[in-house]
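One-letter residues, chain by chain:
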Amino acid sequence: MGFSGIFSEGIDLKGDRLIGVIIIGVGIPMICFEKEIIKDYYDNKSKCGYEYSYMYPGMNKVLQAAERVIRTEEDRGTVVLIDDRFLERRYRRLFPKSWMIITK
């Protein structure tokens, strides 16, 4: 996700201008005071603090990067996810149902 800032907002690569993306890692944000406050709050409320403070924001970035490739029904492209954590059920359930996941 090192270049996510370059392509994260305000650019629209239509048609065949962006035919693929390789996403390395699940996009977990860095540990910080604010994220830890959120984590503590949700841990006390529902035992899901890690998910709300780190996992969901990270996967949101992953999905946004992937959606840059496929913008319309006519777009075609490849999204490669490189991290074994993408195979874990807790991450796979966050993918859109329309995604075909191929594992090797």
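Quick caveat: nothing in here was measured; it's all calculated off a predicted structure.

**Student:** How should I be thinking about the overall build of the protein chain in this particular structure?
**Tutor:** Helices and strands together make up the secondary structure of the protein chain, namely four helices and two strands. Across the protein chain, helices and strands are ordered from the amino to the carboxyl terminus as α-β-α-α-β-α. When each of the 104 residues of the protein chain is scored for burial, the buried share is 22%. Of all intrachain contacts in the protein chain linking residues separated by at least 6 positions in sequence, the fraction that spans at least 24 positions is 66%.

**Student:** Would you mind going over the packing of helix 2 (residues 33–46) against helix 3 (residues 49–67) with me for this structure?
**Tutor:** Between two packed helices, the angle of one axis relative to the other and the distance separating the axes together describe the packing. Viewed as axis vectors pointing N to C, helix 2 and helix 3 meet at an angle of 135°, and their least axial separation amounts to 5 Å. By the criterion of interaxial angle, the relationship of helix 2 to helix 3 is oblique. For the pair helix 2 and helix 3, the contacting residues are K35, E36, I38, K39, Y42, D43 and S46 in the first and G49, Y50, Y52, S53, Y54 and P57 in the second.

**Student:** Got a minute to help me understand the side chain of D83 in this structure?
**Tutor:** Looking at where D83 falls in the secondary structure, it is placed in the loop between strand 2 (78–82) and helix 4 (89–92). Here the side chain of D83 touches R85 through a polar contact of 2.6 Å, side chain to side chain. Setting aside residues up to four positions removed in sequence, D83 forms contacts with G25 and V26.

**Student:** How do you make sense of the packing of aromatic side chains when you look at a structure like this?
**Tutor:** When we look at a pair of aromatic rings, we describe it by the centre distance and by the angle of the planes. Enumeration according to the criterion identifies five aromatic pairs in this entry. Taken together, a centroid distance of 5.2 Å and an interplanar angle of 90° make the contact between Y52 and Y56 edge-to-face. Taken together, the residues span about one helical turn, with Y52 and Y56 both in helix 3 at a distance of four residues. Taken together, the ring pairs connect Y41, Y42, Y52 and Y56 into an aromatic cluster.

**Student:** I would appreciate a short explanation of helix 3 in the present structure.
**Tutor:** A turn of α-helix holds 3.6 residues, and therefore any two residues three or four places apart point the same way. The terminal C-alpha atoms of helix 3 lie 26 Å apart, and with 19 residues this matches the ideal 27 Å at 1.5 Å per residue to within 8%. Those residues of helix 3 that fall on the buried side of the exposure criterion are G49, E51, S53, Y54, M55, G58, M59, V62, L63, A65 and A66. Buried-residue contacts for helix 3 involve strand 1 (20–24), helix 2, strand 2 and helix 4.

**Student:** Teacher, can you tell me more about the pattern of salt bridges here?
**Tutor:** Pairing is possible between side chains that carry opposite charge, provided their charged atoms lie close to one another. Considering all chains together, one arrives at three salt bridges under this definition. Here K39 and D43 are joined by a salt bridge, their closest N and O atoms 3.2 Å apart. Taken together, the positions of K39 and D43, both in helix 2 and four residues apart, correspond to about one turn of that helix. Given the relative accessible area of 22%, D43 is considered partly exposed. Note that E88 is salt-bridged to R90, the shortest N-O span being 3.1 Å.

What counts as what
- Residues numbered from 1 in each chain as written.
- Predicted model: local features only at pLDDT ≥ 70, side-chain atom pairs only at ≥ 80, totals over all residues.
- Heavy atoms only, no water.
- Helix = DSSP H or I, 4+ residues; strand = E, 2+ residues; numbered from the N terminus.
- Buried < 20%, exposed > 50% of the residue type's maximum accessible area, 1.4 Å probe, protein only.
- Contact = heavy atoms within 4.5 Å.
- Axes fitted to C-alpha atoms, helices over the stretch in contact; angles between N-to-C directions.
- Parallel < 35°, antiparallel > 145°, perpendicular 65-115°, else oblique.
- Polar contact = N/O pair within 3.5 Å; in protein donor to acceptor, adjacent residues only side chain to side chain.
- Phe/Tyr/Trp six-rings, centres within 6.5 Å; stacked < 30°, edge-to-face > 60°.
- Expected span 1.5 Å × (residues − 1).
- Salt bridge = Lys/Arg side-chain N within 4 Å of Asp/Glu carboxyl O.

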